[in-house]
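Listed below are the residues making up each chain.
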Amino acid sequence: DARVTQTPRHKVTEMGQEVTMRCQPILGHNTVFWYRQTMMQGLELLAYFRNRAPLDDSGMPKDRFSAEMPDATLATLKIQPSEPRDSAVYFCASGFDESSPLHFGNGTRLTVT
Amino acid sequence: DQQVKQNSPSLSVQEGRISILNCDYTNSMFDYFLWYKKYPAEGPTFLISISSIKDKNEDGRFTVFLNKSAKHLSLHIVPSQPGDSAVYFCAASIPFGNEKLTFGTGTRLTIIP
């Protein structure tokens, strides 16, 4: 059963530190999304890629967040420097065409103290 | 600006009865709607979807209704089972398909045995 894999599952870090979250999309999927879950906003779209090209990162704070896809099997989301308000669960999702629903990973729970 | 709204943060329903989860949207360009289900410590999983050309889609115990004029959709689960206890997210996209899903804040459904 193919699934999206996210690492780490949990991350606790101090304010100001760099955080890197990784995602392995399902093999063959050509779209990758990063979402952040917060109590107030639900699931917010941060960035998404199609065929490894960034299409939209308007949901990300540009000064501290960056998203990349070094290759088709890896997507990364970096926060530098991290702040307590970044504490949330970050989900990666992948899909392969417009008619199929997104598959989500189990998320990275980030706590910034 | 919350374009997809789930105004009930939580809902409790007796096992065997009908669960009705509601969702409202403000963007008239949305033409594809989905419901995702999320268990604790897991990512959201796709449940059911509906295109704007339909007003109803049914899949087993789950039925989604769409009222375009009211910009409202609902998910009906009947009969409700304990395993249905989860957080349910409503999502919408432009155009048809899974790209750039806009999610609501979720409704936590608890099925009472």
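Preceding this section is the structure that the text describes.
All of these numbers come straight from a predicted model, not from anything done at the bench.

## A closer look at the state of the cysteines
Residues and elements named next belong to chain A. This structure, assessed with the given rule, holds two disulfides over all chains. The disulfide partner of Cys 23 is Cys 92, and the S-S distance across this bridge is 1.9 Å. Between Cys 23 and Cys 92, the disulfide has an S-S torsion of -60° and is therefore left-handed. Residue Cys 23 is found in strand S3 (residues 19–24), and its partner Cys 92 is found in strand S9 (residues 88–95); the two are separated by 69 residues along the sequence. Accessibility assignment for this pair places Cys 23 and Cys 92 in one class, buried.

## Let's talk about the interface of chain B and chain A
Contacts between the two partners involve 19 residues from chain B, matched on the other side by 24 residues from chain A. For the pair chain B and chain A, the two sides together bury roughly 1,800 Å², of which 53% comes from carbon and sulfur. Along the contact surface separating chain B from chain A lie one salt bridge. Here B:Lys100 ties to A:Asp56 by a salt bridge, and the two come within 2.5 Å at their closest N and O atoms.

## Some words on the nonpolar core
All names here are of chain B. Ranked by internal contacts, the top residues of the largest apolar core, which has 23 residues, are Phe 33, Trp 35, Leu 73, Leu 75 and Tyr 88. Those elements that place two or more of their residues in this core are strand S3 (19–25), strand S4 (32–38), strand S5 (45–51), strand S7 (62–67), strand S8 (72–77), strand S9 (86–93) and strand S11 (107–112). Considering every element that reaches this core, the biggest residue donor is S9, with four residues. Among all residues touching Tyr 88, those that are not within four sequence positions of it are Gln 6, Leu 21, Trp 35, Tyr 36, Lys 37, Leu 47, Leu 75, Ile 77, Gly 106, Thr 107 and Leu 109.

## Considering unusual backbone geometry
Look at the link from A:Thr7 to A:Pro8: it is a cis peptide, with omega at -10°. On the secondary structure map, A:Pro8 appears in the loop between strand S1 (5–7) and strand S2 (10–13). B:Pro79 follows B:Val78 through a cis peptide bond whose omega is -10°. Within the secondary structure layout, B:Pro79 lies in the loop between S8 and S9. Phi is positive for B:Ala41, close to 65°, though the residue is something other than glycine.

Cut-off values and rules
- Residues numbered from 1 in each chain as written.
- Chains lettered and ligands numbered in written order.
- Predicted model: local features only at pLDDT ≥ 70, side-chain atom pairs only at ≥ 80, totals over all residues.
- Heavy atoms only, no water.
- Disulfide = S-S within 2.5 Å.
- Helix = DSSP H or I, 4+ residues; strand = E, 2+ residues; numbered from the N terminus.
- Buried < 20%, exposed > 50% of the residue type's maximum accessible area, 1.4 Å probe, protein only.
- Contact = heavy atoms within 4.5 Å.
- Buried area = accessible area lost by both parts, 1.4 Å probe.
- Salt bridge = Lys/Arg side-chain N within 4 Å of Asp/Glu carboxyl O.
- Core = buried A, V, L, I, M, F, W, Y, C linked by side-chain atoms within 4.5 Å.

These results come straight from atomic positions and should not be treated as a statement about function.
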